[in-house]
Amino acid sequence: MSTYGLSVLGADLQSIAQIAQAADAAGFDAVWASEFYNRSGSISMAAMANCTENCRIGSSILYGVGRSPLVLATEARDLDELSDGRLVLGIGNGTKRMMSDWHGVPDASAPALRMEELVILLRRIWNLHEGPVHHEGRFYTMNLIPTGDMQPPSRPIPIITAGVRPRMCETAGRVADGLAGHPLFTTTYVQEIVRPAVAKGAAHADRDPSEVEIVSMVMCSIHENAEVARRELAQQIAFYSAVKSYELVLDVNGFTTEGRAIRDAFTRRDFPAMFAAVSDKMIDTMGVAGTAHQVREQLRRYEGVLDHIMLYAPSVGIAPERVQQNLDSIIRECSPASMSPGPSSRSAHSDT
């Protein structure tokens, strides 16, 4: 049975903490922080850890580039201690342009090999009690000799790695505890591309693919006016579809024509045309939107396809107050209790 989590968006750290606390109280399995050029994911996770008790504290994602492996490993270890062993470390590279332009990475080639090398190195650093780390790899070099006795870690910190294209999804099967999927993922893409790639990676490492948790954001908009919710979802779909790196996801789902129109409009900076190019079928396939009842019903299609469904509120072109309203609705209307089968779980919730 799929579990449910919430991607936490907030205008400030206090808001992030409050949203996480509400999601934890509502019974969500996990709350997830992200980072961008204006927000540190690790600091957001610390804020969430301090105000929650039961849910997992995850990153979707922290940039694996831009931090040294040592800094990333020590941040994760501290966050796991702060959360009493509830951390899930989600890491990714970002796009090649983000790697080069934002993080100054001189070699953005072979992102899957980079991630595999990083995951293995992180686990060696966490297990420094086994001996010094001498590493000469393609992307990372380390000569770490502890100055005193090291205690073994309290537990193995789970790592999930981001992937969209098959080779990056294969990386999760090779070395990680899970895959962090993209908001554009559909059930078709997960079943036809993602799971086979993860299984291929797992077979390469002689692992059982069922050991790899498939986690993905699902864009979710709830409004008493279903058309408002659908328009919000369309704007978020357009934002991601404008990135050529995600072209494969659109092609697999039969949205090649829409993707081309969205990218052309984005090149012209014609945002109304960009949003209008998102077809009704894209809205129906690439997320969930409508009244609370409609959203709960639409979410059923992801159950059993994703191991963990991370609900994600659209924010592109949407006022912060409306984003907060949507998050409140998601927490209230899509909590695990609300999604449980049976009439009792429905009667306690309005259709707004």
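Quick caveat: nothing in here was measured; it's all calculated off a predicted structure.

A. Expanded view of the packing of helix α5 (residues 111-126) against helix α6 (residues 166-175). Running from amino to carboxyl end, α5 crosses α6 at an angle of 20°, the nearest separation of the two axes being 9 Å. Of the possible angle classes, the one that applies to α5 and α6 is roughly parallel. In the packing of α5 onto α6, the handedness of the crossing is right-handed. Contact residues: Pro111, Ala112, Leu113, Met115, Glu116, Val119, Ile120 and Arg123 in α5; Arg167, Met168, Thr171, Arg174 and Val175 in α6. Of the residues contributing to the contact of α5 with α6, the split by class is 8 nonpolar, 1 polar and 4 charged.

B. The pattern of salt bridges, seen in detail. On inspection of all chains with the given rule, the structure shows 21 salt bridges. Between Arg123 and Asp177 there is a salt bridge, with the nearest N and O atoms lying 3.1 Å from each other. On the criterion of sequence distance, the pair formed by Arg123 in helix α5 and Asp177 in the loop between α6 and β9 (178-181) is long-range, its members being 54 residues apart. What makes Arg123 partly exposed here is its relative accessible area of 26%. Under the relative-accessibility criterion, Asp177 is labelled partly exposed at 29%. Note that Asp284 and Arg230 form a salt bridge whose closest N and O atoms lie 2.8 Å from each other. Of this pair, Asp284 sits in helix α12 (residues 280-285) while Arg230 sits in helix α8 (residues 226-241); the two residues are 54 residues apart in sequence, bridging distant segments of the chain.

C. Examining the state of the cysteines more closely. Enumeration over the complete set of coordinates arrives at 0 disulfides. For the unlinked cysteine Cys51, the closest cysteine sulfur is that of Cys55, found at 8.1 Å. For Cys55, a relative accessible area of 1% translates into the label buried.

D. A look at helix α2 (residues 41-50). Counting buried positions along α2 gives 8 out of 10 residues, so the element sits mostly inside the fold. Residues Gly41, Ser42, Ser44, Met45, Ala46, Ala47, Met48 and Ala49 constitute the buried set of α2. Here the buried face of α2 lies against α1 (13-25), β2 (30-33), β3 (56-59), β4 (62-63), α3 (69-82) and β5 (87-92).

E. Quick look at the environment of Leu250. Following the sequence through the fold, Leu250 ends up in helix α9 (residues 247-252). Separated by 65 residues in sequence, Leu250 and Phe185 have C-alpha atoms that sit 9.1 Å apart. Ignoring any residue separated from it by four or fewer positions in sequence, one finds Leu250 in contact with Ser241, Phe255, Thr256, Gly259, Arg263, Met282 and Met286.

F. The nonpolar core, seen in detail. By size, the foremost hydrophobic cluster in this structure holds 110 residues, and its most contacted members are Leu89, Ile91, Leu299 and Leu311. Considering each element in turn, this core owes the most residues, 8 residues, to α5. Within the second largest apolar cluster, 6 residues are counted, among which are Val65, Met98, Met99 and Val105.

G. The pairing of β3, seen in detail. The sheet contact formed by β2 and β3 spans 4 bridges and is parallel. Residue Val31 lies in a different strand from β3, and its bridge partner there is Ile57. Pairing of β3 with β5 involves 2 bridges; the strand directions are parallel. By the bridge assignment for β5, Ile57 is matched with Leu87.

H. Up close: the side chain of Glu170. With respect to the helices and strands, Glu170 occurs in helix α6. In this structure Glu170 touches Ala197, Lys200 and Gly201, once residues within four positions along its chain are discounted.

I. Seen up close, unusual backbone geometry. Of note, the bond from Ser60 into Ile61 is cis; its omega dihedral lies within 30 degrees of zero at 0°. Mapping Ile61 onto the fold places it in the loop between β3 and β4. A positive phi angle is found at Ala110, which is not glycine, with a value near 45°. Following the sequence through the fold, Ala110 ends up in the loop between α4 (96-102) and α5. The class of Ala110 is partly exposed, set by a relative accessible area of 23%.

J. Spatial organisation of the UniProt feature "domain: Luciferase-like" (unreviewed entry) in the protein. According to UniProt, the feature "domain: Luciferase-like" (unreviewed entry) maps to residues 11-305 in the numbering used here. Across residues 11-305 one finds 48% helix and 15% strand; the C-alpha atoms that close the span lie 32 Å apart.

K. Representation of the side chain of Arg230 within the structure. The class of Arg230 is buried, set by a relative accessible area of 16%. For Arg230, the residues in contact, after removing those within four places along its chain, are Asp280, Ile283, Asp284 and Ala289.

L. Quick peek at the pairing of strand β6 (residues 133-136). Here β6 shows a clear split, with Val133 and His135 buried on one side and none of His134 and Glu136 buried on the other. In this structure, β6 lies alongside strand β7 (residues 141-144), joined through 4 bridges in antiparallel fashion. Among the inter-strand pairings, His134 is bridged to a residue of β7, identified as Asn143. From the end of β6 to the start of β7, which pair antiparallel, there are 4 residues.

Quick notes on the rules
- Residues numbered from 1 in each chain as written.
- Predicted model: local features only at pLDDT ≥ 70, side-chain atom pairs only at ≥ 80, totals over all residues.
- Heavy atoms only, no water.
- Axes fitted to C-alpha atoms, helices over the stretch in contact; angles between N-to-C directions.
- Helix = DSSP H or I, 4+ residues; strand = E, 2+ residues; numbered from the N terminus.
- Parallel < 35°, antiparallel > 145°, perpendicular 65-115°, else oblique.
- Left-handed = near helix turned anticlockwise from the far one by under 90°.
- Contact = heavy atoms within 4.5 Å.
- Nonpolar A, V, L, I, M, F, W, Y, C, P; charged D, E, K, R; others polar.
- Salt bridge = Lys/Arg side-chain N within 4 Å of Asp/Glu carboxyl O.
- Buried < 20%, exposed > 50% of the residue type's maximum accessible area, 1.4 Å probe, protein only.
- Disulfide = S-S within 2.5 Å.
- Core = buried A, V, L, I, M, F, W, Y, C linked by side-chain atoms within 4.5 Å.
- Pairing = 2+ DSSP bridges.
- UniProt positions renumbered as here; feature names shortened; annotations may be inferred.

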